[in-house]
Amino acid sequence: MKTTNTHNPINTYINIVLLTLLLAWSFLIVKPFITLIVWSIIVAVSLYPIYKKILALTKGKKKGLVTSLFILVLLALIITPTINLTSSLIDSGKEFYAKLEEGSLKIPPPKEDVADWPVIGDGLYNAWSQASTDLERFISSYKDEIERSLSWFFGSFAGLLGSVAIGLFALVIAGVFMASADSGYKAGVQFANRLRPGKGEDFINMCTSTIRSVVKGILLVAIIQAVLAYIGFIVIQLPAASVFAVLVLIFAIIQLPPLIAMIPAIAIVFSYAETTPAIIFTIYAIIVSMSDSFLKPILLGKGLETPMLVILIGALGGMMLQGILGLFIGPVVLAIAYNLYLSWVKEEVGTAAELKSEKDKSD
């Protein structure tokens, strides 16, 4: 009786081809849901410490009900301000367009000291003066610049709303993940152990701490800066405060100084407010913009063994590659690569030391 030779190269090649086809086919099936699944994992990992504390307060009773209520509260916290912000932007846009059509839209003239501002003073004063005296001519003169700015703003805002929409669905799926967190953690450790024997738990813990660090150090800092800026806009009675708050949020998320978005607001405030309140608002805006310099080191690197520079580079590079999602995936991938490198270097050093010790003994 003949037996099949499992070491036959042809059998091996066939197995590799079939396995590759199976993996490729599976990937194509799952591909439309990858972004949602990754978002769900990020949300679950980020919220799990809070979820765990709430479960501890209820002593683990009625876990399903607690999970459902937890997700519903979070959905309400996201949906309510998003609706208010969107409606505020729509109302501001309608009001602006209506006044522009009626010809009643007036831009207050700049104060004389605006021309004395360094670098941008003269150009800003001239453009502002033209806008206040002949708005239609100003719009036609700077048509391309205005169109690019509006296109960028609405594109960024649409992208932000898209991320929020995906986040809402991800939040529901994250509730399922958090409810079965223990089994999910064990499965992750087993998979990581297959990639790096004996190091699975370390790598899973590193991934979770990196995700939480990025959420706190980048997203939370951006939200804090946007909220503080919005409070300042409301106090100083800035027109279209919600629009400028969105700009601050976008700039903070993409790691650009929020002050860039606040400079036009400062200019507008100087056009209608008294000098002292305007100066106080400017100082406040600078403080809000610079607040990330002390918030990020506290939140971004807290409880994290991977250097903060590696996390920051991963966040920026990941965002350039994959948008908002890359902001979270980039640091995790780079942190894994960094720790693999350190592990490889330590092993090489350890092996070299053992060989040297054996050689010394033999001599």
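Residues numbered from 1 in each chain as written. Predicted model: local features only at pLDDT ≥ 70, side-chain atom pairs only at ≥ 80, totals over all residues. Heavy atoms only, no water.

1. Thoughts on the overall build of the protein
Thinking step 1. A tally of regular secondary structure across the protein gives 13 helices and zero strands.
Thinking step 2. Element order for the protein, N to C, with α for helix and β for strand: α-α-α-α-α-α-α-α-α-α-α-α-α.
Thinking step 3. Here the protein holds 363 residues, and 33% of them are scored as buried.
Thinking step 4. Partitioning the intrachain contacts of the protein with sequence separation of at least 6 by distance along the chain shows that 64% fall at a separation of at least 24.
Thinking step 5. For the protein, the exposed area adds up to about 22900 Å²; of that, 69% sits on carbon and sulfur atoms. (Helix = DSSP H or I, 4+ residues; strand = E, 2+ residues; numbered from the N terminus. Buried < 20%, exposed > 50% of the residue type's maximum accessible area, 1.4 Å probe, protein only. Contact = heavy atoms within 4.5 Å. Areas by Shrake-Rupley, 256 points an atom, 1.4 Å probe, with all protein chains shown as cover.)

2. Structural notes on the environment of Trp39
Thinking step 1. Among the structural elements, Trp39 can be located in helix H1 (residues 9-57).
Thinking step 2. For Trp39, a relative accessible area of 10% gives the class buried.
Thinking step 3. Expressed as a C-alpha distance, the spacing of Trp39 and Ile166, which sit 127 residues apart in the sequence, is 7.7 Å.

3. Considerations on the nonpolar core
Thinking step 1. Among the nonpolar cores identified, the biggest contains 59 residues, and Met178 and Phe233 are the most heavily contacted of them.
Thinking step 2. For this core, the element with the most residues is helix H7 (residues 200-235), which contributes eleven residues. (Core = buried A, V, L, I, M, F, W, Y, C linked by side-chain atoms within 4.5 Å.)

4. A short note on the packing of H1 against H7
A pair of packed helices is characterised by two quantities: the angle between their axes and the separation of those axes.
Thinking step 1. Here H1 crosses H7 at 85°, and the two axes come no closer than 9 Å. Taken together, the axes of H1 and H7 lie roughly perpendicular to each other. Contact residues: H1 offers Ile42, Val45, Ser46, Tyr48 and Pro49, while H7 offers Thr208, Ile211, Arg212 and Val215.
Thinking step 2. A per-class count over the contact of H1 with H7 returns six nonpolar, two polar and one charged. (Axes fitted to C-alpha atoms, helices over the stretch in contact; angles between N-to-C directions. Parallel < 35°, antiparallel > 145°, perpendicular 65-115°, else oblique. Nonpolar A, V, L, I, M, F, W, Y, C, P; charged D, E, K, R; others polar.)

5. Quick look at the packing of aromatic side chains
Thinking step 1. Applying the stated criterion across every chain, the model contains four aromatic pairs.
Thinking step 2. Seen from their ring centres, Tyr51 and Phe70 are 5.7 Å apart, and the 50° between their planes marks the pair as tilted. With Tyr51 in helix H1 and Phe70 in helix H2 (residues 63-102), this pair connects stretches of sequence that are 19 residues apart. You'll find Tyr51 and Phe70 in the same group, each marked buried.
Thinking step 3. Within the aromatic cluster, the residues linked to one another by ring pairs are Tyr48, Tyr51 and Phe70. (Phe/Tyr/Trp six-rings, centres within 6.5 Å; stacked < 30°, edge-to-face > 60°.)

6. Observations concerning the confidence of the model for the protein
Thinking step 1. With 80% of its residues at a pLDDT of 70 or more, the protein has an overall mean of 77.
Thinking step 2. Within the protein, helix H13 (residues 326-362) has the poorest average pLDDT of any element, 69, and helix H10 (residues 275-290) the best, 89. (pLDDT = per-residue confidence, 0-100.)

7. With respect to H1
Thinking step 1. When the terminal C-alpha atoms of H1 are compared, their 60 Å separation across 49 residues is substantially less than the 72 Å that a helix rising 1.5 Å per residue should span.
Thinking step 2. In H1, a bend of some 60° at Lys31 exceeds every other bend along the element, and Pro32, a proline, comes one to four places later.
Thinking step 3. Those residues of H1 that fall on the buried side of the exposure criterion are Trp39, Ser40, Ile42, Val43, Ala44, Val45, Ser46, Leu47, Tyr48, Tyr51 and Leu55.
Thinking step 4. In the segment just after H1, Lys59 is the residue with positive phi, at about 60°. (Expected span 1.5 Å × (residues − 1). Bend = angle between axes of the 7 residues up to and from the residue.)

8. Points about the packing of helix H8 (residues 241-253) against helix H9 (residues 259-272)
Thinking step 1. Running from N to C, H8 and H9 point in directions that differ by 155°, and their axes come no closer than 8 Å. Accordingly, the angle class assigned to the pair H8 and H9 is roughly antiparallel. Here H8 contributes Phe244, Leu247, Val248 and Phe251 to the contact with H9, which in turn contributes Ile260, Ala261, Met262, Pro264, Ala265 and Ile268.
Thinking step 2. Considering only residue class, the contact of H8 with H9 consists of ten nonpolar, no polar and no charged.

9. Re helix H6 (residues 181-195)
Thinking step 1. Taking 1.5 Å as the rise per residue, H6 with 15 residues should run 21 Å; its terminal C-alpha atoms sit 21 Å apart, in good agreement.
Thinking step 2. Buried residues of H6: Ala181, Gly188, Val189 and Ala192, and no others. Around the axis of H6, the buried residues are gathered within 100° of arc, so they sit on the same side. Seen from the buried face of H6, the exposed residues on the opposite side, beyond 90 degrees, are Lys186, Gln190, Phe191 and Arg194. (Arc of directions from axis to C-beta.)

10. Thoughts on a nonpolar patch on the surface
Thinking step 1. The grouping of Trp25, Ile29, Val30, Phe33, Ile37, Ile41, Val176 and Phe177 at the surface amounts to a nonpolar patch, some 780 Å² of accessible area in total.
Thinking step 2. The set of elements that each furnish at least two residues to the nonpolar patch consists of H1 and helix H5 (143-179).
Thinking step 3. Broken down by element, the residue count for the nonpolar patch peaks at six residues, all from H1.
Thinking step 4. The exposure class assigned to Ile29 is exposed, which follows from its relative accessible area of 54%. (Patch = residues over 30% accessible without salt bridge, like charges linked within 9 Å, V, L, I, M, F, W, Y side chains within 5 Å. Salt bridge = Lys/Arg side-chain N within 4 Å of Asp/Glu carboxyl O.)

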